[in-house]
Amino acid sequence: MPMLSPSFLTLSLLFPITALAQNNAETTCQNTNYQIFLPPPYQNISSTICKPVWNTYEMRYTKNGDITTIILSAPYTVGWVGIAFSRNSSMVGSSAMVGWINKHGHTKIKQFYLKGKKQSEVIAGKGELPLNTVSPAVATNGAEIYLAFQLKTEIPYRKQPILLAFSTKTPQNHHLSNHDDRTSIIFDFSSVAGPQDPASDGLIQMRRNHGIVGIIGWGLILPVGAIVARYLRHKDPLWFYLHSVIQFVGFAFTLGTVLLGIQLYNNMHAHIPAHRGIGIFVLVLTILQILAFFLRPNKDSKYRNLWNLYHSWSGRMALFFASLNIVLGMQAAGAGSDWKIGYGFLVSIIIIAIVVLEVLAYLKRSEKRSLHASFQMDSVPDPSFPNNFSKVSNVPIQAQAGYGI
């Protein structure tokens, strides 16, 4: 790595191999699903080989034709973490991928060519690594940093000298500081990608179930319950019973989504603050809606109108933030196009149904107003008597009886 001391260079020449990553160490990696926080295409890699390489550093890789995808994970607080590919386990002449988080909180990953031991000989943006057209990526998850990149080689890597190093000082203007520690290993890329770790398969299935249950509950059942409450009021009390049953079923799906999310967080320690925070907020709103059901005032109560306003608008708010959280969850999990298309189709159907029902409700209200106005115009007026009634009434009864003879 950059700025290696002469003593380490001598040590590297005397003992060029300080560690050897063995194939039988594949199952000793941590159960961390990197797919939830790395961007595409790294999150879509379904099968990788994972090997511990140094302290708690882990190397994941997979091969697909002439493309080798590499993901290095390492403990991280500040500074930089790097991995260099060497010809003879020496720093000089090697090319490194270095990742860090700058002082503004932005992730950075860059290739460096380690031309020599001096800082001026560590050249940013240069190197001999045959990087693929896919952009490298770096992400943090809890107290770990992940460096991901793809190499395109006609001759696949087999046993490759690799240097690992880190520093607690953040690079300034892409100038790397001296490392705090380092090692040299021979990493064997000759293993082919086999079946994924069952624990990782379980986490992926749990994440999938979390998304499915959430979409069914918040994307389908609860919106349908809200539609029933708004557009079936003329079917009293049928609408009330339908609305109550549907929303309680949706609440059960909501609890299932939350429980699966808690299990994912405990097993993966995925740091997705926006998705988690909105999920907690929506859960609180849902619980308040359930409590409001049991605490609703009577119809003739003076507080009933306030309760109706609270119940309807808090429900709308919960549905809005839930749909937003579904989108954030799919984005964080790197959901494929089939998930996005499926949820988009579901939302479109619900929106179309709401528009149609709203138009029909408006037409029905307009028809009622028109009928009411017509009824007032055609109504029979009160009977009126002639103005000379008083004069006629003063005529003697005898004369009235003989009037007209």
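Residues numbered from 1 in each chain as written. Predicted model: local features only at pLDDT ≥ 70, side-chain atom pairs only at ≥ 80, totals over all residues. Heavy atoms only, no water.

A. Representation of a nonpolar patch on the surface in the model. On the surface, a nonpolar cluster with roughly 840 Å² of combined accessible area is contributed by F248, I280, V284, I287, L288, L291, F294, L295 and Y310. Along the chain, the position of V284 falls in helix α4 (residues 273-294). (Patch = residues over 30% accessible without salt bridge, like charges linked within 9 Å, V, L, I, M, F, W, Y side chains within 5 Å. Areas by Shrake-Rupley, 256 points an atom, 1.4 Å probe, with all protein chains shown as cover. Salt bridge = Lys/Arg side-chain N within 4 Å of Asp/Glu carboxyl O. Helix = DSSP H or I, 4+ residues; strand = E, 2+ residues; numbered from the N terminus.)

B. Molecular detail of the confidence of the model for the chain. Chain-level statistics for the chain give a pLDDT mean of 79 and a share of 79% at 70 or above. In this model residues 389-393 is a low-confidence stretch, pLDDT under 50, and it forms 2 contacts with partners more than four residues away in sequence or in other chains. The low-confidence segment residues 397-405 (pLDDT under 50) makes 3 contacts with residues lying over four places distant or belonging to another chain. (pLDDT = per-residue confidence, 0-100. Contact = heavy atoms within 4.5 Å.)

C. Fine view of the pairing of strand β10 (residues 144-152). Most of β10 sits inside the fold, with 8 of its 9 residues counted as buried. As defined by bridge partners, strand β4 (residues 67-75) adjoins β10 across 9 bridges and the pair is classed as antiparallel. Within the sheet, the bridge partner assigned to T69 lies in β10 and is Q150. In this structure, strand β9 (residues 137-141) lies alongside β10, joined through 5 bridges in antiparallel fashion. Residue pairing for β10: V138 is matched across the bridge by L147. Linking two consecutive strands that pair antiparallel, namely β9 and β10, is a turn of 2 residues; a positive phi of about 70° is found at G142 within it. (Buried < 20%, exposed > 50% of the residue type's maximum accessible area, 1.4 Å probe, protein only. Pairing = 2+ DSSP bridges.)

D. Highlighting the pairing of strand β5 (residues 80-85). Judged by how many residues are buried, β5 sits mostly within the fold: 6 of 6 residues are covered. The alternating pattern of β5 places W80, G82 and A84 on one face and V81, I83 and F85 on the opposite face, and all of these are buried. With 6 bridges joining them, β5 and strand β6 (residues 94-101) adopt antiparallel strand pairing. Note on β6: the bridge partner recorded for V81 is G99. Sheet topology note: the β5/strand β11 (residues 159-167) ladder contains 6 bridges and is antiparallel.

E. Region of interest: the packing of aromatic side chains. By the definition in use, this model includes 16 aromatic pairs. Aromatic pair W239 and F240: ring centres 5.9 Å apart, planes at 85°, arrangement edge-to-face. Exposure remark for W239: the relative accessible area of 13% places this residue in the buried category. Among the residues examined, F240 registers a relative accessible area of 22% and is labelled partly exposed. Through successive ring pairs, a cluster of aromatic residues spans W239, F240, Y241, F248, F293 and F294. Sitting over the ring of F187, K51 keeps its end group 4.9 Å from the ring centre. Note that R296 overlies the ring of F293, its terminal NZ or CZ placed 4.9 Å from the centroid. (Phe/Tyr/Trp six-rings, centres within 6.5 Å; stacked < 30°, edge-to-face > 60°. Lys NZ or Arg CZ within 6 Å of the ring centre and 35° of its normal.)

F. Layout of the nonpolar core. Counting 39 residues, the largest nonpolar core has I83, F85, I162 and L164 as the members making the most contacts within it. Counting 15 residues, the second-largest nonpolar core is a separate cluster that includes I227, M330, Y343 and I350. (Core = buried A, V, L, I, M, F, W, Y, C linked by side-chain atoms within 4.5 Å.)

G. Inspection of the layout of surface pockets at higher detail. Considered as a void within the structure, the largest pocket measures approximately 1500 Å³ in volume. Lining the largest pocket are 45 residues, and of these A226, I227, A229, H243 and S312 lie nearest its centre. Of all elements in the fold, only α2 (198-231), α3 (238-268), α4, α5 (304-333) and α6 (337-377) reach the threshold of two or more residues within the lining of the largest pocket. In terms of residue class, the lining of the largest pocket is made up of 25 nonpolar, 12 polar and 8 charged. (1 Å grid on protein atoms, 1.4 Å probe; cavity = no way out; pocket = protein on both sides within 12 Å on 5 of 7 lines; lining within 4 Å. Points joined across faces, edges and corners; volume = space filled by probe spheres on them. Nonpolar A, V, L, I, M, F, W, Y, C, P; charged D, E, K, R; others polar.)

H. Structural detail: α4. With 22 residues, α4 extends 32 Å from end C-alpha to end C-alpha; this agrees with the ideal 32 Å at 1.5 Å per step. Regarding α4, the residues found buried are H275, I278, V282, L283, L285, T286, Q289, I290 and A292. (Expected span 1.5 Å × (residues − 1).)

I. Seen up close, the sheet that holds strand β2 (residues 49-54). Pairing within the open sheet is antiparallel, and its 5 strands lie in the order β2-β3-β4-β10-β9. Of all strands in the sheet, those bounded by a partner on one side alone are β2 and β9. Geometrically, the sheet is characterised by an average inter-axis angle of 20° between neighbouring strands, direction not taken into account. With 7 bridges connecting them, strand β3 (residues 57-64) and β4 associate as antiparallel partners. Looking across to β4, one finds that M59 is bridged to L72. (Axes fitted to C-alpha atoms, helices over the stretch in contact; angles between N-to-C directions.)

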